[in-house]
Amino acid sequence: MPPIFAPKPTPPLVLSFAASDPSGGAGLQADVLTLASMGCHPLSVVTAITVQDTAGVDEVLAIDAEWVADQARMLLEDVPVAAFKLGMLGSAEAIAMIAEILSDYPDIPVILDPVLASGRGDEFANDDMIAAMRDMLIPQTSILTPNSHEARRLALFESDEDDLDLAACARHLTDLGCEYVLITGTHEATPRVLNSLYDANGHVQTDAWDRLPGSYHGSGCTLASAIAATLAYGQDVPAAVREAQNFTYEALRAAFRPGMGQYIPERFFWAQDAQAEGTG
């Protein structure tokens, strides 16, 4: 008789909306690598196609908003999703479509990494897109993960203040309706990197990390996807955020530089460690 195979349990399914990065450092590829490394099965919706390498982005072609919606709805009619991860979204029209889709799944956590510009300064979001994020996506977001520049830009969109501190930015953003804001401090002039989590009641926790040398392509995508993975496994938000930061830090510590630009996080650092131990 042929062997009988018991069906294997399905890992948590996480749906990423993001732009394709042919270098594999950021965007959709970063999300897929991170989610797979953390034991989830990644589902993907392409929001834009980019011409880029490890140094920067030359061109962005946004996918038609109807195509973005069709990709997502076909998947969601087939499989149960444990978390949504949103990155670079392509256009204000696509943001509106994605927001409409998310409204049909209010119990599924939404992790929004508001990708407004590349590390080199390439602009990815115009004022219409930022307004659409603020009006339609942030109110449905479980965790918003801006760096300090992005937090100030999002918070100042309808403000005359030009020097908001990060706690004030977080308050502005939670007032828009998101449950938590994790502001990362890589760009701040502090001896260590301080990543601070806020909710509607204010400061929740701050985690401090040693600064690493070099410049990294895809660190924000990695962190947001790692949070999506930990939430998909059912962790509460503070624990999920802390575990995701630890994963990201280890991926950055093991980063490699494949080209002439930035370093790329090694999302399978644990496999490399295991290999090294096995050959030692």
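Shown above is the structure to which this text applies.
Residues numbered from 1 in each chain as written. Predicted model: local features only at pLDDT ≥ 70, side-chain atom pairs only at ≥ 80, totals over all residues. Heavy atoms only, no water.

Visitor: Quick one: what's the story with the packing of aromatic side chains, residue by residue and with numbers?
Guide: Tallying each qualifying case throughout the model produces six aromatic pairs. Between the aromatic rings of Phe17 and Phe84, the centroid separation amounts to 6.4 Å while the plane-to-plane angle is 45°, which identifies the pairing as tilted. You can see Phe17 sitting in strand E1 (residues 13-20) and its partner Phe84 sitting in strand E4 (residues 83-86), a full 67 residues away along the chain. For Phe17, a relative accessible area of 0% gives the class buried. According to the relative accessible area criterion, Phe84 is buried, its value standing at 0%. Taking the centre distance of 5.2 Å and the plane angle of 35° together, the rings of Trp209 and Tyr249 count as tilted. (Phe/Tyr/Trp six-rings, centres within 6.5 Å; stacked < 30°, edge-to-face > 60°. Helix = DSSP H or I, 4+ residues; strand = E, 2+ residues; numbered from the N terminus. Buried < 20%, exposed > 50% of the residue type's maximum accessible area, 1.4 Å probe, protein only.)

Visitor: Run through the sheet that holds E1, naming residues and quoting values.
Guide: Reading across the sheet, the nine strands line up as E3-E2-E1-E4-E5-E6-E7-E8-E9 and stay open at both edges, with mixed pairing between neighbours. The open sheet has two edge strands with one neighbour each: strand E3 (57-62) and strand E9 (202-209). Seen against the sheet, helix H2 (residues 65-76) touches E1, strand E2 (41-52) and E4 and runs at an angle of roughly 165° to E2. Here helix H3 (residues 92-102) sits on the sheet and contacts E1, E2, E4 and strand E5 (110-112); the angle it forms with E4, its principal contact strand, is near 170°. (Pairing = 2+ DSSP bridges. Contact = heavy atoms within 4.5 Å. Axes fitted to C-alpha atoms, helices over the stretch in contact; angles between N-to-C directions.)

Visitor: Which residues make up helix H4 (residues 127-137), and what are the values?
Guide: Among the residues making up H4, those that are buried are Met129, Ile130, Ala132, Met133, Arg134 and Leu137. At its buried positions, H4 is contacted by E4, H3, E5 and helix H5 (148-155). One side-chain oxygen of the residue at the start of H4 lies 3.1 Å from the amide nitrogen of Asp128, identifying that residue as Asn126. (Polar contact = N/O pair within 3.5 Å; in protein donor to acceptor, adjacent residues only side chain to side chain.)

Visitor: I'd like a description of the pairing of strand E7 (residues 180-183), backed by residues and values.
Guide: Across the two faces of E7 the burial is the same, with Tyr180 and Leu182 and Val181 and Ile183 all buried. Here strand E6 (residues 143-144) runs beside E7; their pairing, made up of two bridges, is parallel. Looking at E7, one finds that Ile143 is bridged to Tyr180. Two elements, E7 and strand E8 (residues 193-199), share four bridges in a ladder whose sense is antiparallel. Bridge pairing in E8 links Ile183 to Ser196.

Visitor: Could you give an account of the packing of helix H7 (residues 219-232) against helix H8 (residues 237-253), naming the residues involved and the relevant values?
Guide: Packing of H7 against H8 brings their axes to within 8 Å, and their N-to-C directions diverge by 140°. Accordingly, the angle class assigned to the pair H7 and H8 is oblique. Between H7 and H8 the crossing geometry is right-handed. Across the interface between the two elements, Ser219, Thr222, Leu223, Ala226, Ile227, Thr230 and Leu231 from H7 touch Val237, Ala240, Val241, Glu243, Ala244, Gln245, Phe247, Thr248 and Leu252 from H8. (Parallel < 35°, antiparallel > 145°, perpendicular 65-115°, else oblique. Left-handed = near helix turned anticlockwise from the far one by under 90°.)

Visitor: So what's going on with the pairing of E1? Residues and values would help.
Guide: Within E1, eight of the eight residues are buried, which leaves the element mostly enclosed by the surrounding structure. As defined by bridge partners, E1 adjoins E2 across eight bridges and the pair is classed as parallel. Bridge pairing in E2 links Val14 to Pro42. Handedness of the β-α-β unit built from E1, helix H1 (residues 27-37) and E2 comes out right-handed. Relative to E4, E1 is paired through four bridges, and the arrangement is parallel. Directly across from Phe17, in E4, lies its bridge partner Leu86. (Right-handed = clockwise from strand over helix to strand, strands pointing away.)

Visitor: Describe the environment of Gly259, and please don't skip the residues or the numbers.
Guide: For Gly259, the position within the fold is in the loop between H8 and helix H9 (269-279). The exposure class of Gly259 is partly exposed, given its relative accessible area of 30%. C-alpha of Gly259 to C-alpha of Ala55: the two residues are 204 residues apart in sequence and 8.2 Å apart in space.

Purely geometric numbers; function is a separate question.
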